[in-house]
Amino acid sequence: MAKTTTILMALKAAEQHLLAAGLETSVAQYLMQEGQGWSFTQLVQNYREPLTAQDLATYERQVVRVCAGEPAQYVLGHAPFYGREFRVTPATLIPRQETEELVEWILETTTDTAIRVLDVGTGSGAIALSLAAERPDWQLTATDISVAAVQVAQTNAQRLNVDVTFKVGDLLAPVMGQRFDIIVSNPPYIDRTELPEMDESVKRFEPQNALFAANHGLAFYQRFAAELRDYLVPGGQFFAEIGYRQGPAVREIFQTALPTATVTIKADIDGHDRMVRVQL
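Because the structure is a prediction, the values reported are computed rather than measured.

The rules behind each value
- Residues numbered from 1 in each chain as written.
- Predicted model: local features only at pLDDT ≥ 70, side-chain atom pairs only at ≥ 80, totals over all residues.
- Heavy atoms only, no water.
- Pairing = 2+ DSSP bridges.
- Helix = DSSP H or I, 4+ residues; strand = E, 2+ residues; numbered from the N terminus.
- Axes fitted to C-alpha atoms, helices over the stretch in contact; angles between N-to-C directions.
- Contact = heavy atoms within 4.5 Å.
- Expected span 1.5 Å × (residues − 1).
- Buried < 20%, exposed > 50% of the residue type's maximum accessible area, 1.4 Å probe, protein only.
- Polar contact = N/O pair within 3.5 Å; in protein donor to acceptor, adjacent residues only side chain to side chain.

### Here's the deal with the sheet that holds strand β5 (residues 165-168)
Piece 1. The strand order across the open sheet built from seven strands is β5-β4-β3-β6-β7-β9-β8, with neighbouring strands paired in mixed fashion. Every interior strand has two partners, whereas the edge strands, β5 and β8 (262-267), have only one. When the angles between neighbouring strand axes are averaged without regard to direction, this sheet yields 15 degrees.
Piece 2. Bridge count between strand β7 (residues 232-241) and strand β9 (residues 273-279): five bridges; the pairing is antiparallel. Bridging across to β9, Glu241 finds its partner in Met275.
Piece 3. Contacts from helix α8 (residues 147-160) reach β4 (139-144) and β5, with the element oriented near 170 degrees to β5.
Piece 4. Running over the sheet, helix α12 (residues 247-257) touches β7, β8 and β9 and is turned about 165 degrees from β8.

Shown next, in the form of structure tokens:
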């Protein structure tokens, strides 16, 4: 008779494989919870339950892929963001907690009434769809230069039943002639000199054009600074994620290009500069 493998046994075996690969053993729990759609409490309650042969084989394949360096979110095909699950593929960045803080800042500081909002470089659609779901009266448009990324975002919009207009193109070009109350972006901002400090799985699997920017990672902020007046209404606001070392440089870029604007740099939960708001 074949030996029964319980949830706990599968977790312990996965942890050993991850440990041998030099990876965080907590990924074993993450894969199991997300794969089964369980909370941590449900996971614990099912520790002694047997896994079906099919579920065990699927789980073991997932662990092998993660041990080979692939991010767990790509292995699963989805990732959590602001209380919702988003489909992700190698065409999109994996949504991160720092970006949730950017969404929260926008929601906290902006009116609930109907306004026009643009998300530039939407990727999986995490920012645009979260804002649209939290503020149904807002009119959301989202753009990305990647056709594949926009297709993923459209799939997420359908799954979440959220109404967002998607356009393909570089930066603000797809919405030329339009004006918005808010423009938000999580643009590429990593300097290639930071490559040695980056996680290997990020370098190998996440889309390079969504990670790196020229001019020491500042190129997209410079482009936004040059164009915002043509795309924001008077008094409109621009929000963006920034690199944790870029606060002073980003502030200077926007204050120089838009001397009458109010530029605010905000730290993340860990105390690092992580966001900028520019109010015309």
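### A few points about helix α6 (residues 97-109)
Piece 1. Its 13 residues give α6 an end-to-end C-alpha distance of 19 Å, which sits within 8% of 18 Å, the value for a rise of 1.5 Å per residue.
Piece 2. For α6, the complete set of buried residues consists of Thr99, Glu101, Leu102, Val103, Trp105, Ile106 and Leu107.
Piece 3. Of the surrounding secondary structure, the elements contacted by the buried residues of α6 are β1 (78-81), α7 (126-134), β6 (180-185), β7, β8 and β9.

### What about the side chain of Ser201?
Piece 1. Tracing the backbone through its elements, the reader meets Ser201 in helix α9 (residues 200-205).
Piece 2. In this structure the side chain of Ser201 is engaged in a polar contact, spanning 2.4 Å, whose partner is the side chain of Asp199.
Piece 3. Not counting the four nearest positions on each side in its chain, Ser201 is found in contact with Gly69, Pro71 and Glu206.

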